[in-house]
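# Architecture and fold: a report
Here is what each chain is made of, one letter per residue.
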Amino acid sequence: MAGEKIDIETIKAMLNLSDEDLVKPLPIPTRWSQPFWDASKEHRLVLKKCSACGYIDHPPYLYCTNCHADEHEWVEASGKATLASYAINTFGVPFPFWVDLPYVVAMIDLPEGPRMISNIVECDHDKLENGMELEVVFDDVTDEITLPKWRPVDKTKRG
Ligand SMILES: [Zn+2]
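Residues numbered from 1 in each chain as written. Predicted model: local features only at pLDDT ≥ 70, side-chain atom pairs only at ≥ 80, totals over all residues.

## Some thoughts on the domain arrangement of the protein chain
- Taken as a whole, the protein chain is organised into domain 1 (28-76) and domain 2 (78-159).
- A separation of 21 Å is found between the C-alpha centroids of domain 1 and domain 2.
- Facing eight residues of domain 1, the contacting portion of domain 2 comprises 10 residues.
- Ranked by the residues each element gives to the side of domain 1 that touches domain 2, the list is headed by helix 2 (residues 34-41), at three residues. (Domains from an automatic or database assignment. Contact = placed C-beta atoms within 7 Å. Helix = DSSP H or I, 4+ residues; strand = E, 2+ residues; numbered from the N terminus.)

This is the structure we're talking about:
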């Protein structure tokens, strides 16, 4: 489904929006998630693994949510995943995201354990299917923040 792209200038004028109204919110790294964002900036996907019990928390948290230990290591993820569930947003999102409509928000299962919320990109929306294989791609949205997103491994499903 190709979907009509929204002309944001028309919307801006119609609704009397300022440029500020169209600024996308960004993640705010914490001291315990900063290594995740630093790696992402280098186009590496890392996960926080508890040194005591081996549990992987995502999003990274201050301590292990399984056993409460605070010793941990950062491990390199495979960059592969499967699609658990998804929604195609076509309207009703905050103004900064109107330019991206229609876009896909998904729950993504990593083989390392965590379920991640992210976007599916470079995908033909008609070919989305739960269980499809995904691979990570990195979207450098600012100089400081790079967002890991996911695309189909199967090139025939890309769009
Ligand atoms: Zn633990």
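Structure shown, so let's carry the discussion forward.
## Focus on the nonpolar core
- Ranked by internal contacts, the top residues of the largest apolar core, which has 15 residues, are Val46, Ala77, Ala81, Ile108, Leu134 and Trp150.
- Secondary-structure elements contributing two or more residues to this core are strand 1 (46-50), strand 4 (80-89), strand 5 (103-109) and strand 7 (133-140).
- Residue contributions to this core reach at least three from each of two domains, namely domain 1 (28-76) and domain 2 (78-159).
- Contacts of alanine 77, omitting those with residues within four sequence positions, involve Leu45, Val46, Leu47, Leu110 and Glu112. (Core = buried A, V, L, I, M, F, W, Y, C linked by C-beta atoms within 7 Å. Buried ≥ 20, exposed ≤ 12 C-beta atoms within 10 Å, placed from the backbone.)

## Some words on the sheet that holds strand 2 (residues 56-57)
- Here three strands make up an open sheet; going across it, the order is 2-1-3 and the pairing antiparallel. Of all the strands in the sheet, just strand 2 and strand 3 (72-76) have a single pairing partner and so form its edges.
- As defined by bridge partners, strand 1 adjoins strand 2 across two bridges and the pair is classed as antiparallel. Its bridge partner lying in strand 2, lysine 48 is registered against aspartate 57. (Pairing = 2+ DSSP bridges.)

## Looking at the pairing of strand 5
- Inspection of the sheet shows strand 4 paired to strand 5 by seven bridges, in the antiparallel sense. In the strand pairing of strand 5, threonine 82 is matched with aspartate 109.
- Of the pairings in the sheet, the one linking strand 5 to strand 6 (residues 115-120) comprises six bridges and is antiparallel in character. Paired with valine 105 across the two strands is asparagine 119, which belongs to strand 6.

## A short note on helix 1 (residues 8-15)
- The element helix 1 is barely covered by neighbouring structure, given that only zero of its eight residues are classed as buried.
- Within two residues after helix 1, asparagine 16 carries a phi angle of roughly 55 degrees, on the positive side.

## Quick word on the environment of valine 121
- Residue position: valine 121 is located in the loop between strand 6 and strand 7.
- Residue class for valine 121 comes out partly exposed when judged on the 17 C-beta atoms lying within 10 Å of it.
- Excluding its chain neighbours within four sequence positions, the residues that come into contact with valine 121 are Val137, Lys149 and Arg151.

## Comments concerning unusual backbone geometry
- The amide bond that connects histidine 58 to the next residue, proline 59, takes the cis arrangement and shows omega of 0 degrees.
- Mapped onto the elements of the fold, proline 59 is located in the loop between strand 2 and strand 3.
- With an omega of -10 degrees, the peptide bond running from leucine 101 to proline 102 counts as cis.
- Inspection of the secondary structure assignment puts proline 102 in the loop between strand 4 and strand 5.
- Residues other than glycine seldom take positive phi values, yet asparagine 16 does so here, at roughly 55 degrees.
- As for its position among the elements, asparagine 16 is in the loop between helix 1 and helix 2.

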